[in-house]
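Each chain is listed here by its residues.
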Amino acid sequence: MDITPLHTHQWSRRLRRALDAPEHWDVLDAPARPLAEAVEALPLGPYRDALHGVWLGHPLHPAMVQLPIGFWTSAALLDYLPGGRRSADTLVAAGLLTAGPTALTGWVDWARLDPPRRRTGLVHALCNTTGVLLYGGSLLARCEGHRARGRLLGLAGLTAVSAGAALGGHLAYRQAADPDRAAAAPRLASVD
């Protein structure tokens, strides 16, 4: 396999095109529109701003995703270390417990995005939902004593949430979803 700068550039361009693709999938608008309306209609009151991260000064979701991803990545490592079984099982469960609040912070941000970003966000959410379901199956298999199946489902779940994380990073950084533009203004221009 040739790893020349030109070859690397081609892979980079292909990856970027793959990450850009969901924003053009108009078919996602049909489920996204009513789903966004339902999220906006949730009776969250003052908690909506808290879930957006207003108190933090930037969106809360990117900070929250560190919990389930961290737990699940650590579980994957411990699965293959001697004596790490119980700890890995605990970390899989902890990831599942933190996935719900993490998803909620993402959904409230997602509901206010424009259609192209909303499409990318929906694919991001589908990847992560797939990961959560796989980790649920992993925990169930582990509890039933099927260690190999539990590890395999965990690795599949980690793959799904990693794809979701790539899309989430793309959404935040390349598509500039929900940046706090007001905070950057003082750094760009002096008070004068």
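Residues numbered from 1 in each chain as written. Predicted model: local features only at pLDDT ≥ 70, side-chain atom pairs only at ≥ 80, totals over all residues. Heavy atoms only, no water.

### Observations concerning the overall build of the chain
Rule in force here: Secondary structure follows DSSP: runs of H or I at least 4 residues long count as helices, runs of E at least 2 residues long count as strands, and numbering of each begins at the N terminus. Relative accessibility decides the category of a residue: with a 1.4 Å probe and only protein chains considered, values under 20% of the type maximum give buried, values over 50% give exposed, and everything between is partly exposed. Every accessible area reported is derived by Shrake-Rupley at a probe size of 1.4 Å, with residue values counting cover from the shown protein chains alone.
The helix and strand tally for the chain stands at nine helices and zero strands. In the chain, the order of α-helices and β-strands from amino to carboxyl end is α-α-α-α-α-α-α-α-α. Taken over 192 residues, the chain has a buried fraction of 36%. For the chain, the exposed area adds up to about 11500 Å²; of that, 66% sits on carbon and sulfur atoms.

### A closer look at the pattern of salt bridges
Condition: By salt bridge we mean one thing: a side-chain nitrogen of Lys or Arg within 4 Å of a carboxyl oxygen of Asp or Glu.
Throughout the structure, instances matching the rule amount to nine salt bridges. A salt bridge links Glu40 to Arg112; its shortest N-O distance comes to 3.2 Å. Residue Glu40 is found in helix 2 (residues 29-41), and its partner Arg112 is found in the loop between helix 6 (85-110) and helix 7 (115-143); the two are separated by 72 residues along the sequence.

### Digging into the side chain of Asp79
The condition that has to hold: By the criterion applied in these results, polar contacts are pairs of N or O atoms within 3.5 Å in which, for protein atoms, one can donate a hydrogen and the other can accept it, and in which residues neighboring in sequence qualify only through two side-chain atoms. The contact rule is simple, with two residues in contact once any of their heavy atoms fall within 4.5 Å.
Relative to the helices and strands, Asp79 is located in the loop between helix 5 (66-78) and helix 6. Side chain to side chain, Asp79 and Arg142 meet in a polar contact 2.7 Å long. Not counting the four nearest positions on each side in its chain, Asp79 is found in contact with Ala88, Arg142, Arg147 and Arg151.

### Regarding a positive patch on the surface
As a reminder of what qualifies: The patch calculation keeps residues exceeding 30% relative accessible area without a salt bridge and links them within 9 Å when they carry like charges or within 5 Å when they are nonpolar (Val, Leu, Ile, Met, Phe, Trp, Tyr). All tallies of charge rest on Lys and Arg as positive and Asp and Glu as negative; His and the ends of each chain are not included. A single reference atom marks each charge: NZ on Lys, CZ on Arg, CG on Asp, CD on Glu.
Residues Arg13, Arg14, Arg16 and Arg17 make up a contiguous surface patch of positive charge. Turning to its location among the elements, Arg16 is positioned in helix 1 (residues 5-20). Look at Arg16 and you get partly exposed, because its relative accessible area is 33%.

### Considering the packing of aromatic side chains
What counts here: Pairing of aromatic rings covers Phe, Tyr and Trp, the last through its six-membered ring, and needs centres within 6.5 Å; plane angles under 30 degrees mean stacked, over 60 mean edge-to-face, and all others mean tilted.
Evaluated as defined, the whole model comprises two aromatic pairs. Measuring from ring centre to ring centre gives 4.2 Å for Trp72 and Tyr135, while their planes differ by 10°; the resulting arrangement is stacked. Here the residue Trp72 occupies a position in helix 5, and Tyr135 occupies one in helix 7, the gap between them amounting to 63 residues. Ring geometry for Trp107 against Trp110: centres 5.0 Å apart, planes inclined by 90°, an arrangement best described as edge-to-face.

Keep in mind these numbers describe shape, not what the thing actually does.
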